[in-house]
Amino acid sequence: MKTLIVNAHVISPDVDIKGASIEIVGGKIKSVSKGKVDRKGFDTVVDVKGKYVVPGFIDVHLHGACGFDVCDATPEAIAKIAEAKLAEGCTSFLPTTLTVANSTLKKAARAVAAYRKDERFAKVIGIHLEGPFINVKCCGAQNPKFVRKPNLKEVLGIDAISPVKLISYAPETKGGAEFAAACIAKGIVPSCGHTGATFAELMAAYGKGLRHLTHFCNQMTKLHHREIGVVGAGFLVDDLKTEVICDRIHLCDDMLRLVFTKRPLSSIQMITDSLRCSHCEDGYAFEMGGLKVQLKNGEARLVEGGNLAGSTLWMSQGLKNIRDVTGLPLKDLIRVTSWNQAIELGLGKKLGKVEKGYVADLAVLDPKTFKACAVFVDGVQKI
Ligand SMILES: [Zn+2]
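What you see is a predicted model; the values in this text were computed from it and never measured. (Residues numbered from 1 in each chain as written. Predicted model: local features only at pLDDT ≥ 70, side-chain atom pairs only at ≥ 80, totals over all residues.)

J.: Describe in detail the pairing of strand S3 (residues 28-34), supporting the description with residues and values.
T.: On a regular strand, one side chain projects to one face of the sheet and the next to the other, so that they alternate. Strand direction decides the pairing type here: strand S2 (residues 15-25) and S3, joined by six bridges, are antiparallel. Following the sheet pairing, Glu23 is matched in S3 by Ser31. From the end of S2 to the start of S3, which pair antiparallel, there are two residues, and Gly26 there has a positive phi angle of about 60°. (Pairing = 2+ DSSP bridges. Helix = DSSP H or I, 4+ residues; strand = E, 2+ residues; numbered from the N terminus.)

Listed below in structure tokens is the structure:
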């Protein structure tokens, strides 16, 4: 199958080419060039009329969409979420679980494995376990009832059903630093999240290889001038990779500017942390890990206590938000929506760029709204 995309405004890390042509052969990008290419010999020619063509987004932290949650643990839920993600321009994702019982986590892994047999929409790279080994005092919208101590055996039991790629846990718990090293040895990225760790406690896990912070600034120790906490570490230690929810609610615009201008862009990963109420109408109410949540004015908050429960963000809107807030060039910002994630997950030579040799996972975005008008997965146009 040979496809030619013409009239593309290609935006890729360090690349900004208007009037570009993209040759796709066998699901991979064969060439990206300025100007016209002979259309003869192609099965399909797609004229994108000057729209942005960017690397398909990779969301490493999302729980649900369209009324479905990964912890519903059905193949139908995973497929519906994958379909919704595709509409955001997302071509790969990490279905993310909540702090729930081990039996539910295993059931969710079975559902993910079933979807992976026939990936019709966005592709699954692996599972992100958010919890259950978190700090009970920093639960946010995770249910404290199911919090437990780090247990590699439990993780490997889930991983055996469907591969786990990322685990968010609190490194300050006993054995927390060693747990990071044990995860890395099994090919799983350990991440500090829902944590009350001091700077020293985080750095003990850093010493064992931990390099990832879950939804930076949310549910972690704040920066204090005598104890800089996990937020301080995020600013001090450049090679810590920080997930950032770019919905302008979880972090105010000033904090987004601070993060995107003071941290290296190579260390930031945009996430949605979207819940089942994303892609739903205002007023939608639901239960999450046994806790009641309602969507009001686009904000998903716990009915009791009012904690933010996650977001309703779309990846495409997140990119527009950080462009609007920071004013940084898209060719610089674009690395935070896919390439950084791909590198950390060992896929940096295959995913995250619109360049020769890369998999043709592409999102075509309207330059005004950033909404995805077309999406290609492995070179096949899915939207
Ligand atoms: Zn989450």
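J.: Which residues make up the environment of Met315, and what values do they have?
T.: Here Met315 lies in helix H8 (residues 315-326). We classify Met315 as buried; it has 28 C-beta atoms within 10 Å. When sequence neighbours within four positions are dropped, the list of residues in contact with Met315 reads Phe57, Asp59, Glu88, Gly89, Cys90, Met270, Thr272 and Thr337. (Buried ≥ 20, exposed ≤ 12 C-beta atoms within 10 Å, placed from the backbone. Contact = placed C-beta atoms within 7 Å.)

J.: Hey, could you go over the pairing of strand S11 (residues 127-130) for me, with residue numbers and the actual values?
T.: Across the two faces of S11 the burial is the same, with Ile127 and Leu129 and His128 and Glu130 all buried. Bridge analysis of strand S9 (residues 90-97) against S11 gives two bridges, and the strand direction is parallel. Paired with Thr97 across the strands is Leu129, a residue of S11. Bridge count between S11 and strand S12 (residues 164-169): four bridges; the pairing is parallel. The residue bridging His128 from the neighbouring strand is Leu166, located in S12.

J.: So, the nonpolar core: which residues are in play, and what are the values?
T.: Core analysis: the largest hydrophobic core is formed by 124 residues, its most contacted members being Ile22, Val53, Val244 and Val354. Broken down by element, this core gets its largest block of residues, seven residues, from helix H1 (residues 75-87). In this structure, this core is formed jointly by two domains, domain 1 (2-54 + 352-381) and domain 2 (57-344), each of which donates at least three residues. Residues within four places of Ile22 in sequence aside, it is in contact with Ile5, Ala8, Ile29, Val32, Val53 and Val354. (Core = buried A, V, L, I, M, F, W, Y, C linked by C-beta atoms within 7 Å. Domains from an automatic or database assignment.)

J.: Would you mind going over the domain arrangement of the protein chain in detail, with residue names and values included?
T.: When cut into domains, the protein chain gives domain 1 (2-54 + 352-381) and domain 2 (57-344). Centre-to-centre separation of domain 1 and domain 2, based on C-alpha positions: 29 Å. Listed per partner, the contact involves 17 residues of domain 1 and 20 residues of domain 2. Among the elements that make up the side of domain 1 that touches domain 2, the one with the highest residue count is strand S22 (residues 372-377) (three residues). Split into classes, the residues belonging to the side of domain 1 that touches domain 2 amount to ten nonpolar, two polar and five charged. (Nonpolar A, V, L, I, M, F, W, Y, C, P; charged D, E, K, R; others polar.)

J.: Kindly report on the sheet that holds strand S18 (residues 291-296), identifying the contributing residues and their values.
T.: Strands sit in the order S17-S18-S19-S20 across an open sheet of four strands; the sheet is antiparallel. Looking at strand neighbours, the two that pair on one side only are strand S17 (285-288) and strand S20 (308-310), the edges of this open sheet. The average undirected angle you get between the axes of adjacent strands in this sheet is 40°. Pairing between S17 and S18: four bridges, direction antiparallel. When the sheet's bridge partners are listed, Glu287 is paired in S18 with Lys292. (Axes fitted to C-alpha atoms, helices over the stretch in contact; angles between N-to-C directions.)

J.: Help me get a handle on the packing of helix H4 (residues 176-185) against helix H5 (residues 199-207), residues and values and all.
T.: Running from N to C, H4 and H5 point in directions that differ by 30°, and their axes come no closer than 8 Å. Regarding the angle of H4 to H5, the classification is roughly parallel. Viewed along their axes, H4 and H5 form a crossing whose handedness is right-handed. Two secondary-structure elements touch here, H4 through Gly176, Ala177 and Ala180 and H5 through Ala204, Ala205 and Gly207. Of the residues that constitute the contact of H4 with H5, the class distribution is four nonpolar, two polar and no charged. (Parallel < 35°, antiparallel > 145°, perpendicular 65-115°, else oblique. Left-handed = near helix turned anticlockwise from the far one by under 90°.)

J.: Before we move on, could you go through helix H7 (residues 253-262) and cite the residues and values that matter?
T.: Residues of H7 that are buried include every one of Leu256, Val259 and Phe260, and no others. Buried residues of H7, seen end-on, are gathered within an arc of 90° and therefore sit on one face of the element. Relative to its buried face, H7 has exposed residues pointing more than 90 degrees away, namely Asp254, Thr261 and Lys262. Of the surrounding secondary structure, the elements contacted by the buried residues of H7 are strand S15 (241-245), strand S16 (268-271) and H8. (Arc of directions from axis to C-beta.)

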